[in-house]
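Chain and residue survey
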Amino acid sequence: MNTALITGANRGIGLEFATQYARDGWQVIACCRQPERATKLNHLADQYGASVLIFQLDVKELHQIERLSKKLSETTIDLLINNAGTYPPASHGELGHIDYSDWLEAFKVNTLAPLKMVEAFVEQINRSQLKTVAILTSKMGSIADNQRGGSYIYRSSKAAVNMVAKSLAIDLQPRGVISVLLHPGWVQTDMGGPGALISAEQSVTGMRKVLRQITQADSGKFFAYDGQAIPW
Ligand code: NDP
């Protein structure tokens, strides 16, 4: 049985990853900030029993990541999905109105946490067959794709995590660990809003297909949910 560890698994894209992998018979380690308030995730755990285990994790708190890694030291992790992400209020990220404390918070969640997760869990990942790390980024972090400007906070935090994933691909290549970046599309979640183009189900179905198809040669690459390569 394969094991996936997912951050931010209580709603949106993270919950959909947990749901689909549980349905396919995976062991799911579902992390979220407030398990006691994660109604939908608890419902999933009730449905799948020990196949869905819920752990408390605020990814901004690096000591919590270390503590969870110690708790799961004997676990093998085939797929680490760094999904948790934040998009501060749009008005806080525009020129002349930048909220610098929001910027630092966004960097903690979107950029620092994915790297800390890999540092903390690399031994558990190294033991697995799939040895895959996925980081949920965004096309908004693509420098080549930026035609509209603005969104300084979100764009910069995702552009920075793109570089994190690329360096991980190089540094972990000798161990056979694959590091990929995934753009989920514009998705109907709390972050994407109701007017977004695709459902979480469509997005995650697509990203799981990408994850099934990638090989070591794809490590360090940036893919959309439909498999298209995204320019840096
Ligand atoms: P949502 O806003 O719907 O959900 C965000 C998730 O991240 C929630 O589970 C939230 O938990 C969690 N999270 C936020 N901060 C923390 C933290 N400090 N510790 C742990 N968990 C945290 O977003 P989506 O599901 O839409 O997005 C998932 C990923 O996809 C993100 O990385 C996002 O940037 C990316 N993305 C999304 C797009 C979209 O259109 N939706 C487009 C491009 C990229 P809590 O409930 O506790 O707040």
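Data block above holds the structure.
Because the structure is a prediction, the values reported are computed rather than measured.

**Focus: the overall build of the chain**
Counting its secondary structure elements, the chain contains six helices and seven strands. Helices and strands appear in the chain in the N-to-C order β-α-β-α-β-α-β-α-β-α-β-α-β. Here the C-alpha atoms of the chain give a radius of gyration of 17 Å, agreeing with the 17 Å that 2.2 N^0.38 yields for 232 residues. Taken along its principal axes, the extent of the C-alpha atoms in the chain is 50 × 40 × 35 Å. When each of the 232 residues of the chain is scored for burial, the buried share is 44%.

**Structural notes on the nonpolar core**
Counting residues in each nonpolar core, the largest one holds 66 residues, and the members touching the most others are I6, A18, V28, A30, L41 and L80. Per-element accounting of this core gives the leading share, eight residues, to helix α4 (residues 100–126). Excluding residues that lie within four positions of it along the chain, L41 makes contacts with A9, N10, L15, A18, A30, C32 and I54.

**Focus on the site of the ligand**
Taken together, 30 residues form the shell around the ligand, and within it G8, G12, G85, T189 and G192 come nearest. A per-element tally of the shell around the ligand places helix α1 (residues 12–23) first, with three residues. Each residue belonging to the shell around the ligand can be placed in one class, and the counts come to twelve nonpolar, 13 polar and five charged.

**Observations regarding the packing of α1 against helix α6 (residues 200–213)**
Following both chains from N to C, one finds α1 and α6 inclined at 60°, their axes separated by 9 Å at the closest point. By the angle class used here, α1 and α6 are oblique. Crossing handedness for the pair α1 and α6: right-handed. For the pair formed by α1 and α6, the contact residues are G12, I13, E16, F17 and Q20 on the first element and A200, E201, S203, V204 and R208 on the second. Of the residues belonging to the contact of α1 with α6, the class tally is four nonpolar, three polar and three charged.

**Here's the deal with the sheet that holds strand β4 (residues 79–82)**
Taken in spatial order, the seven strands of this open sheet run β3-β2-β1-β4-β5-β6-β7, and their pairing is parallel. On the outer flanks of this sheet lie β3 (52–56) and β7 (222–224), each paired with one strand and no other. On average, each strand axis in the sheet is tilted by 20° relative to the strand beside it, whichever way the strands run. Relative to strand β5 (residues 132–136), β4 runs parallel, the two being bridged by four bridges. Directly across from L79, in β5, lies its bridge partner T132.

**Topic: the environment of L197**
In this fold, L197 is placed in the loop between β6 (178–183) and α6. Among the residues examined, L197 registers 11 C-beta atoms within 10 Å and is labelled exposed. In sequence terms L197 and D145 are 52 residues apart; their C-alpha atoms lie 18 Å from each other. Setting aside anything within four residues of it in sequence, one finds L197 in contact with G185 and W186.

**Overview of unusual backbone geometry**
Backbone geometry places K131, a non-glycine residue, at a positive phi of 45°. Judged by local crowding, K131 falls into the buried class, with 21 C-beta atoms found within 10 Å. Of note in this structure, S151 is not a glycine but carries a positive phi near 45°. Here S151 shows up in the loop between β5 and α5 (152–171).

**A word on the packing of α4 against α5**
Axis angle and axis distance: for two packed helices, these are the angle between their axes and the distance between the axes, and together they describe the pair. Where α4 meets α5, the closest approach of the two axes is 9 Å, and the angle between their N-to-C directions is 15°. As summarised for this structure, α4 and α5 are arranged roughly parallel, according to the angle between their axes. Once α4 is placed against α5, the crossing between them reads as right-handed. Contacts between α4 and α5 pair D102, W103, A106, F107, N110, T111, P114, L115 and V118 from the former with I153, Y154, S157, K158, A160, V161, V164 and L168 from the latter.

**Here's the deal with the pairing of β4**
Side-chain alternation along β4 places L79 and I81 on one buried face and L80 and N82 on a second face that is also buried. Chirality of the crossover, the property in question, places the unit of β4, α4 and β5 among those that are right-handed.

**Comments concerning the environment of V164**
Of note, V164 is situated in helix α5. Along the sequence, V164 and S179 sit 15 residues apart, while their C-alpha atoms lie 9.5 Å from each other. Those residues within four positions of V164 in sequence are excluded, and the remaining contacts are T111, P114 and L115.

Each value, and the rule that gives it
Residues numbered from 1 in each chain as written. Predicted model: local features only at pLDDT ≥ 70, side-chain atom pairs only at ≥ 80, totals over all residues. Helix = DSSP H or I, 4+ residues; strand = E, 2+ residues; numbered from the N terminus. Rg over C-alpha atoms; globule rule 2.2 N^0.38 Å. Buried ≥ 20, exposed ≤ 12 C-beta atoms within 10 Å, placed from the backbone. Core = buried A, V, L, I, M, F, W, Y, C linked by C-beta atoms within 7 Å. Contact = placed C-beta atoms within 7 Å. Near = placed C-beta within 6 Å. Nonpolar A, V, L, I, M, F, W, Y, C, P; charged D, E, K, R; others polar. Axes fitted to C-alpha atoms, helices over the stretch in contact; angles between N-to-C directions. Parallel < 35°, antiparallel > 145°, perpendicular 65-115°, else oblique. Left-handed = near helix turned anticlockwise from the far one by under 90°. Pairing = 2+ DSSP bridges. Right-handed = clockwise from strand over helix to strand, strands pointing away.

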